[in-house]
Amino acid sequence: AVHTRDQVELPPPTIDNRLTVHPLWTEIDRISTEQMQAAFEGVGGEIGWQLFAEEGDMRMYRREMEVDGMVMDPLKAMHKVRGVSAREMCHYFFNPRYRYEWETTLETMTIVEEVSSDAMVFHQTFKRIWPASQRDALFWSHVRAAPGNTYAVINHSTTNQEYPPNSGACIRLFVTVCLACRSSYPAGEEPTRENITTSIAYCSTVNPGGWAPAGVLRAVYKREYPKFLKRFTGYVAEQCRDKPLAI
Ligand code: 18C
């Protein structure tokens, strides 16, 4: 088969062998499995999820949670996007080449380690929000396929001796994110840009890592999450428009 450069770099359909022999593998596998399971569970049955943003097919829920006075509200968002596959969605979320084009909170991004075709370690600094200190994060990122036209990207904080926390101007924050996507198309038809729909579940928990005023933090949260999900899904739809569908 003839592959374009882009197709070769799409998330692999099975786990890369280089990842399974890496020291992070056990943790990556455990957290990814847990996160993907939780992502597809509804918010209806659980108590405490409150809807805070709704626009078209997008719904965002949060659960108010404070630990030692620090806001750590878990977020869960659902969305539906037509004309792109789960694999394409995850490709643009995982691949650092596109990150500056959709991630508006970013100041810098460094690739700390290229583990395999489906796992990387990143260091990122974020734009500073007055009056709080600037934040940074160090996390592994893993993309994987699951049965039923499903792909997901899981990001989770880690450590690295060359990137010690709270050593410069930044306070280290801790993040667990899962973007889980599932494509569907009419039974008996071949999938095309015209008939494919991808359901997205995005879950995120950010521990600010140090003092941040609760009011400012919840205001940023309320503004930035809907902005992110609309911008990211719009970006992917735009990027895919004239490319052949990759399932
Ligand atoms: O998942 C997303 N992006 C991924 C790729 O970058 C990755 C990133 C995770 C880090 C998320 C934490 C971002 C904190 C940003 C703080 C500064 C924002 C400044 C913006 C001002 C223009 O998984 C998409 C992530 C979408 C992020 C939405 C914002 C979430 C805010 C959560 C509170 C942050 C607390 C720390 C700051 C304290 C300041 C009062």
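The coordinates are above.
None of the values given here were measured: they were computed from a predicted structure.

Rules used throughout
- Residues numbered from 1 in each chain as written.
- Predicted model: local features only at pLDDT ≥ 70, side-chain atom pairs only at ≥ 80, totals over all residues.
- Heavy atoms only, no water.
- Helix = DSSP H or I, 4+ residues; strand = E, 2+ residues; numbered from the N terminus.
- Rg over C-alpha atoms; globule rule 2.2 N^0.38 Å.
- Buried < 20%, exposed > 50% of the residue type's maximum accessible area, 1.4 Å probe, protein only.
- Polar contact = N/O pair within 3.5 Å; in protein donor to acceptor, adjacent residues only side chain to side chain.
- Contact = heavy atoms within 4.5 Å.
- Pairing = 2+ DSSP bridges.
- 1 Å grid on protein atoms, 1.4 Å probe; cavity = no way out; pocket = protein on both sides within 12 Å on 5 of 7 lines; lining within 4 Å.
- Points joined across faces, edges and corners; volume = space filled by probe spheres on them.
- Nonpolar A, V, L, I, M, F, W, Y, C, P; charged D, E, K, R; others polar.
- Disulfide = S-S within 2.5 Å.
- Core = buried A, V, L, I, M, F, W, Y, C linked by side-chain atoms within 4.5 Å.

(A) Structural view of the overall build of the protein. Along the backbone of the protein there are six helices and 12 strands. Its C-alpha atoms give the protein a radius of gyration of 18 Å, within 12% of the compact-globule value 18 Å for 247 residues. Projected onto its principal axes, the C-alpha coordinates of the protein cover approximately 55 × 40 × 30 Å. Looking at the protein residue by residue over its 247 residues, the buried ones come to 51%.

(B) Up close: the side chain of Glu 88. Of note, Glu 88 is situated in helix H4 (residues 86-94). At 3.0 Å, the side chain of Glu 88 and the backbone nitrogen of Ala 246 are in polar contact. When near neighbours in sequence (up to four residues on either side) are disregarded, Glu 88 contacts Arg 193, Val 236, Cys 240, Pro 244, Leu 245 and Ala 246.

(C) Main features of the pairing of strand S2 (residues 58-62). Of all five residues that make up S2, four are buried, and the element is covered over most of its length. Here strand S1 (residues 50-55) runs beside S2; their pairing, made up of five bridges, is antiparallel. Considered in S2, the bridge of Glu 54 is made with Arg 59. Both S2 and strand S5 (residues 75-82) contribute to a ladder of four bridges, which runs antiparallel. Counted as the bridge partner of Arg 59 is Met 78 from S5.

(D) View of the layout of surface pockets. Space inside the largest pocket adds up to approximately 1000 Å³. As for the largest pocket, its lining consists of 39 residues, and the residues nearest its centre are Thr 105, Phe 126, Leu 173, Val 206 and Tyr 225. Among the secondary structure elements, those contributing two or more residues to the lining of the largest pocket are helix H5 (99-102), strand S7 (119-126), strand S8 (135-146), strand S11 (174-184), strand S12 (197-207) and helix H6 (214-240). No other element matches H6, which puts nine residues into the lining of the largest pocket. Of the residues contributing to the lining of the largest pocket, the split by class is 24 nonpolar, six polar and nine charged.

(E) Region of the structure containing the state of the cysteines. A full pass over the atoms with the stated rule returns zero disulfides. The thiol of Cys 178 is not disulfide-bonded; the next cysteine sulfur, from Cys 203, is found 5.9 Å away. In this structure Cys 178 comes out as buried when scored by relative accessible area, which is 0%. Of all cysteine sulfurs in the structure, the one in Cys 181 sits closest to Cys 240, which takes part in no disulfide; the separation is 11 Å. Cys 240 gets classed as buried once you look at its relative accessible area, which sits at 2%.

(F) Region of the structure containing the nonpolar core. Formed by 41 residues in total, the largest nonpolar core has its most connected members in Met 60, Met 89, Phe 93, Leu 179, Tyr 202, Phe 232 and Val 236. Counting residues per element, this core draws most heavily on H6, at eight residues. Excluding its chain neighbours within four sequence positions, the residues that come into contact with Tyr 202 are Leu 75, Lys 76, Ala 77, Phe 93, Val 177, Cys 178, Leu 179, Tyr 225, Phe 228 and Leu 229. Counting residues in each nonpolar core, the second largest holds 18 residues, with Trp 25, Met 36, Cys 178 and Ala 180 among its members.

(G) Expanded view of the pairing of strand S9 (residues 150-157). Among the eight residues of S9, eight are classified as buried, and the element is accordingly described as predominantly covered. The alternating pattern of S9 places Thr 150, Ala 152, Ile 154 and His 156 on one face and Tyr 151, Val 153, Asn 155 and Ser 157 on the opposite face, and all of these are buried. Of the pairings in the sheet, the one linking S8 to S9 comprises eight bridges and is antiparallel in character. The residue of S9 that forms the bridge with Trp 140 is His 156. Between the antiparallel neighbours S8 and S9 lie three residues, among them Gly 148 with a positive phi of about 80°. With seven bridges connecting them, S9 and S11 associate as antiparallel partners. Counted as the bridge partner of Val 153 is Leu 179 from S11.

(H) View of the environment of Arg 231. Assignment of secondary structure puts Arg 231 in helix H6. Given a relative accessible area of 40%, Arg 231 falls into the partly exposed group. In the structure, Arg 231 is positioned 71 residues away from Asn 160 in sequence and 31 Å away in space, judged by C-alpha atoms. Beyond its immediate chain neighbours, meaning those up to four positions away, Arg 231 contacts Glu 101, Trp 102 and Thr 104.

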